[in-house]
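If you want the building blocks of each chain, they are given just below.
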Amino acid sequence: MKSALHAMVAIVVIVLVAGCASTSATHDFNPSVDFDDYRTFSWVSRNPLVAAPEGANPLLEDRLEQTTLDLLSAKGYRFVADPKAADFVIGFALGATEKVRIESYPARYRGAWHWGGAGVQEVSVQQHIEGRLTVDIFDVATQQPAWHGWATRRITSSVRKEARQAIRDALTAILANFPPR
């Protein structure tokens, strides 16, 4: 019975840890925009990475641009160099937040009817960095925001080592929702 319980706990922990490593993406959009009219895109400015944390890798902007070009081209959109000639323009922002998770629970269970030790608590403190990538799309004709997508992910040492793949994963998750259905 105890080994079955330990196996269940191990499965739950594995699922939770795997879930923490995944990219979570969502979006919002202006319902008055007719996304069916969009055919061409460009960058919002010469440097479309409009916000990044201090010390961010300067190669990120090129990787964001190239991955976005690949993903939107695969959806049938065509890149144009002149933002004024595009149907929509794109800007990016990167951010990072330090997260702290503190859990407190009674010390080990003692006996069938009560928790052990009067007021004895075990405390677990976990710290991590959560990264956020946002993609903003603006309608060129109206110069209004049309679509906003973002993804968050726990930044681990393996994510830092494989930054190119992490960017691709985040942009794929974000742009899966563009255009909105």
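Residues numbered from 1 in each chain as written. Predicted model: local features only at pLDDT ≥ 70, side-chain atom pairs only at ≥ 80, totals over all residues. Heavy atoms only, no water.

1. Overview of the overall build of the protein
- Helices and strands together make up the secondary structure of the protein, namely 4 helices and 9 strands.
- The helix and strand sequence of the protein, counted from the amino end, reads α-β-β-β-α-β-β-β-β-β-β-α-α.
- Burial analysis of the protein (181 residues in total) assigns 31% to the buried set.
- The contacts of the protein with a sequence gap of at least 6 include a subset with a gap of at least 24, amounting to 72%.
- Working note: accessible area of the protein is about 11900 Å², and carbon and sulfur atoms make up 56% of it. (Helix = DSSP H or I, 4+ residues; strand = E, 2+ residues; numbered from the N terminus. Buried < 20%, exposed > 50% of the residue type's maximum accessible area, 1.4 Å probe, protein only. Contact = heavy atoms within 4.5 Å. Areas by Shrake-Rupley, 256 points an atom, 1.4 Å probe, with all protein chains shown as cover.)

2. Digging into a nonpolar patch on the surface
- The grouping of Val100, Ile102, Val123 and Val125 at the surface amounts to a nonpolar patch, some 390 Å² of accessible area in total.
- At the level of elements, β5 (88-106) and β8 (121-139) are the ones that each hand at least two residues to the nonpolar patch.
- On the secondary structure map, Val100 appears in strand β5. (Patch = residues over 30% accessible without salt bridge, like charges linked within 9 Å, V, L, I, M, F, W, Y side chains within 5 Å. Salt bridge = Lys/Arg side-chain N within 4 Å of Asp/Glu carboxyl O.)

3. Here's the deal with helix α2 (residues 60-74)
- Taking 1.5 Å of rise per residue, 15 residues should cover 21 Å, and α2 covers 21 Å from first to last C-alpha, within 8% of that figure.
- Turning to α2, its buried residues number three or more, namely Leu60, Glu61, Arg63, Leu64, Glu65, Thr67, Thr68, Leu69, Leu71 and Leu72.
- Gly76 lies just past α2 and shows a positive phi near 100°. (Expected span 1.5 Å × (residues − 1).)

4. Here we look at helix α4 (residues 163-175)
- Spanning 13 residues, α4 covers 18 Å between terminal C-alpha atoms, matching the ideal 18 Å at 1.5 Å per step.
- Those residues of α4 that sit buried are Ala163, Ala166, Ile167, Ala170, Leu171, Ile174 and Leu175. Down the axis of α4, the buried side of the element spans an arc of 145°, and every buried residue falls inside it. (Arc of directions from axis to C-beta.)

5. A short note on the side chain of Thr68
- By secondary structure assignment, the location of Thr68 is in helix α2.
- The class for Thr68 is buried, based on a relative accessible area of 0%.
- At a separation of 2.7 Å, a polar atom in the side chain of Thr68 contacts the main-chain carbonyl oxygen of Leu64.
- Excluding anything up to four places from it in sequence, Thr68 contacts Trp43, Ile90, Phe92, Leu171 and Leu175. (Polar contact = N/O pair within 3.5 Å; in protein donor to acceptor, adjacent residues only side chain to side chain.)

6. Description of the packing of aromatic side chains
- Taken as a whole, this structure holds 13 aromatic pairs when the rule is applied.
- Geometrically, the ring pair formed by Phe35 and Tyr38 is edge-to-face, given 5.5 Å between the ring centres and 85° between the ring planes. The burial state of Phe35 is the same as that of Tyr38; both residues are buried.
- Between Trp147 and Phe178 the ring centres are 5.3 Å apart and the planes differ by 70°, which places this aromatic pair in the edge-to-face class. In this pair, Trp147 is assigned in strand β9 (residues 144-155) and Phe178 in the segment after α4, connecting sequence segments 31 residues apart. Of the two residues, Trp147 and Phe178, neither departs from the other in class, the shared state being buried.
- Aromatic rings pair up to connect Phe29, Phe35, Tyr38, Phe41, Trp43, Tyr77, Phe79, Phe88, Phe92, Trp147 and Phe178 into one cluster. (Phe/Tyr/Trp six-rings, centres within 6.5 Å; stacked < 30°, edge-to-face > 60°.)

7. Things to note about the environment of Thr40
- Note on placement: Thr40 falls in strand β2 (residues 40-43).
- Thr40 gets classed as buried once you look at its relative accessible area, which sits at 7%.
- Each C-alpha atom, one on Thr40 and one on Ala85, is 8.1 Å from the other, the two residues being 45 residues apart in sequence.

8. Some points on the pairing of β2
- Residues of β2 alternate between two faces, with Thr40 and Ser42 on one and Phe41 and Trp43 on the opposite face, all of them buried.
- Both β2 and strand β4 (residues 78-79) contribute to a ladder of 2 bridges, which runs parallel. Paired with Phe41 across the strands is Phe79, a residue of β4. (Pairing = 2+ DSSP bridges.)

Shape descriptors only; they carry no functional weight alone.
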